[in-house]
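# Architecture at a glance
Here's the letter readout for the chains.
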Amino acid sequence: MTESFRRSGEYEHPQQGGLSGYVQGDDQQPAYPRQQHASSPVNPEWPPPPANQPVAPVAVEPGTTVWPGSGQGGHGGGHGGGGYAGYPSPDAGSTAVLAATPVQEDPAHAPAKKRAKGPLALLAAVAIVAAAIGGGTAYGIQELTGKDTASSSTSTNVVPTAKKGTVAGVAQAVSPSIVEISATSNAGSSTGAGVIITSGGEIITNNHVISGASEIKVQLSSGKSYTAKVVGTDSKKDLALIKLEKAPSGLKVATLGNSDGVQVGDDVVAIGSPEGLTGTVTSGIISALNRDVTVSTDESQGRQQQQGGGNGQWPFSFGGQEFNGDTGSSTTTYKALQTDASLNPGNSGGALIDMNGNIIGINSAMYSAASDSSSSSSSAGSVGLGFAIPINTVKSDLASLRAGGSDS
């Protein structure tokens, strides 16, 4: 029969002390260490003690090895001999165990780590949002703000990646946003172009294209035609805003760029309807900036020139000279972008576009040799002298145009 011992802080044997041996059971196998307590009797009904005393966890500095054992010692490093970090030494019959107790972080360093992670996490979130948005920036801003006016970001790349920087890529991306405008009045009809700026059918064009018109027809790049009404006009800037009646869904809205970032020598593309040839694409460069261009604000004067009373072009003056006829006595002057992209009658109100597909100007005035009475018909056509109203001027005037314009 195996002997049992009472537990009173230590395990004991009534006749032997210390750790000199092991109590043997009937099967003569070692059971547990024998210990002595002089005043403690032996009760055979007591249950046997555990193989090892429970060991409390301990927190130590990183790199310190802790060896909990089942023997005595190690209290304050002075009792029983051989204690490790305040714990007993391993017994001869016990197995050494490496305690991997987590050590609490030094509170002095914890806040610094959290603060360091904050900005990094924020930057990562911003980067993700930026990547997710990518080329859809304009659309996202429109949806979030409830406005569908085209974006004013020059970073927007409208052109497909495979055709970036090419005239073909610009034409493919932007042509669906350019329309042909036919204006009819008692004096006749005229043709120009316009740029779709909202999904609801708002179109920006030149004032001289639609001034005095009793009926306005707009032809989309798809070939479908719609009636439009005038929303507002500003003859001093030669701008007008019209809107399609019963506008179809799925209109391709142009992306408005930033004309302040344009530089001389930048490649540009012009799209319009010269001589009624819808969606004609030409290309060139920015020849100069901030050119003072003077145009007529007299509706009858401009209409006479536009509808065949003159040479079919809108009269303007530049550098002290008049082109395409007499501008009359009522005029206005604005700062324009000069381009050598080929512009002809019907390009008025169309788009001047950078190589990322952003609208940077509304074509408004152009000169051709045909306007010179001394020139023969063989010399007719563009001579590379065209002007466009900067798109930033257009954007600053949109609120006024939507309210009826300065001419109302």
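Keep in mind that this is a model prediction, so the values were computed, not measured.

A separate point is the side chain of Asp397. Tracing the backbone through its elements, the reader meets Asp397 in helix α6 (residues 391-402). What makes Asp397 buried here is its relative accessible area of 4%. Those residues in contact with Asp397, other than ones at most four positions away along the chain, are Asp234, Lys237 and Leu239.

Attention shifts here to the confidence of the model for the protein chain. Confidence in the prediction for the protein chain averages 73 pLDDT; 55% of positions are at 70 or higher. For residues 70-100, every residue scores under 50 in pLDDT, and the model assigns this stretch 52 contacts once sequence neighbours within four places are set aside.

What follows covers the environment of Thr191. Following the sequence through the fold, Thr191 ends up in strand β4 (residues 188-196). Here the alpha-carbon distance between Thr191 and Glu275, two residues 84 residues apart in the chain, equals 7.5 Å.

Going through the model one piece at a time under the given rule, you end up with four aromatic pairs. Geometrically, the ring pair formed by Phe318 and Phe387 is tilted, given 4.9 Å between the ring centres and 50° between the ring planes. Of this pair, Phe318 sits in strand β12 (residues 316-318) while Phe387 sits in strand β17 (residues 382-390), and the two are 69 residues apart along the sequence. When the centroid spacing of 4.8 Å and the interplanar angle of 65° are considered together, the rings of Phe323 and Tyr367 count as edge-to-face. With Phe323 in strand β13 (residues 321-323) and Tyr367 in strand β16 (residues 358-368), this residue pair connects regions lying 44 residues apart in the sequence.

Scanning the entire structure with this criterion turns up three salt bridges. Arg402 is the partner of Glu202 in a salt bridge, and the nearest nitrogen-oxygen pair spans 2.8 Å. Here Glu202 is found in strand β5 (residues 202-205), whereas its partner Arg402 is found in helix α6, with 200 residues between them in sequence. Taking relative accessible area as the criterion, Glu202 reaches 11% and is therefore assigned buried. The salt bridge partner of Asp292 is Lys335, with a shortest N-O separation of 2.8 Å. Taken as a pair, Asp292 in strand β11 (residues 280-296) and Lys335 in strand β14 (residues 331-339) lie far apart in primary sequence, 43 residues in all.

When a protein is soluble and globular, its nonpolar side chains tend to lie buried together. In terms of nonpolar packing, the biggest core is built from 36 residues, with Val174, Val195, Ile204, Val293, Phe316, Ile359 and Phe387 touching the most fellow members. Other than its neighbours up to four places away in sequence, Val195 contacts Ser177, Ile178, Glu202, Ile203, Ile204, Ala254, Gly349, Gly350, Ala351, Ile359 and Ile362. One finds Ile216, Tyr226, Ala228 and Ala240 within the second-largest nonpolar core, a separate group that totals 15 residues.

A few words on α6. The first and last C-alpha atoms of α6 sit 16 Å apart over 12 residues, in line with the 16 Å expected at 1.5 Å per residue. Within the sequence span of α6, burial applies to Ile391, Asn392, Val394, Asp397, Leu398 and Leu401. Looking one or two residues beyond α6, the residue adopting positive phi is Gly404, at roughly 115°.

What follows covers the sheet that holds strand β7 (residues 225-234). On the basis of which strands lie adjacent, the closed barrel formed by six strands has the order β3-β4-β5-β8-β7-β6 and antiparallel pairing. Averaged over all pairs of adjacent strands, the angle between their axes in this sheet comes to 40°, without regard to strand direction. In terms of strand pairing, strand β3 (residues 178-185) meets β4 through eight bridges, oriented antiparallel. Residue pairing across strands places Ile181 opposite Gly192, the latter belonging to β4. In the packing of α6 onto the sheet, the strands contacted are β5, β7 and β8 (239-244), and the crossing angle to β8 comes to about 60°.

Reading the values: the criteria
- The residue numbers shown here count from 1 along each chain, following its written sequence.
- Reporting of local features is limited, given that this is a predicted model, to residues whose pLDDT is at least 70; pairs of side-chain atoms are given and counted only at 80 or more, and all residues count toward the totals for whole chains, interfaces and linings.
- The basis for every side-chain value is the complete set of non-hydrogen atoms in the structure, without hydrogens or water.
- Strands are runs of DSSP state E lasting at least two residues, helices are runs of H or I lasting at least four, and both sets are numbered from the N terminus onward.
- Here the term buried applies to any residue with accessible area under 20% of the maximum for its type, exposed to any over 50%, and partly exposed to those in between, with areas from a 1.4 Å probe on protein chains only.
- By definition in these notes, contact holds between two residues if any of their heavy atoms fall within 4.5 Å.
- Across the chain, each position has a pLDDT score giving the predictor's confidence in that residue, from 0 to 100.
- Aromatic contacts are taken between Phe, Tyr and Trp rings whose centres are within 6.5 Å, Trp giving its six-membered ring; a plane angle under 30 degrees counts as stacked, one over 60 as edge-to-face, and the others as tilted.
- Whenever a carboxyl oxygen of Asp or Glu lies within 4 Å of a side-chain nitrogen of Lys or Arg, that contact is scored as a salt bridge.
- To qualify as a nonpolar core, a set must consist of buried Ala, Val, Leu, Ile, Met, Phe, Trp, Tyr and Cys residues joined through side-chain atoms within 4.5 Å.
- Helices are assigned an expected span. That span is 1.5 Å times one less than the residue count.
- Only when DSSP finds a minimum of two bridges between them are two strands counted as paired.
- The angle between two axes is taken between their N-to-C directions and runs from 0 to 180 degrees, where each axis is a line fitted to C-alpha atoms and a helix contributes only its stretch in contact.

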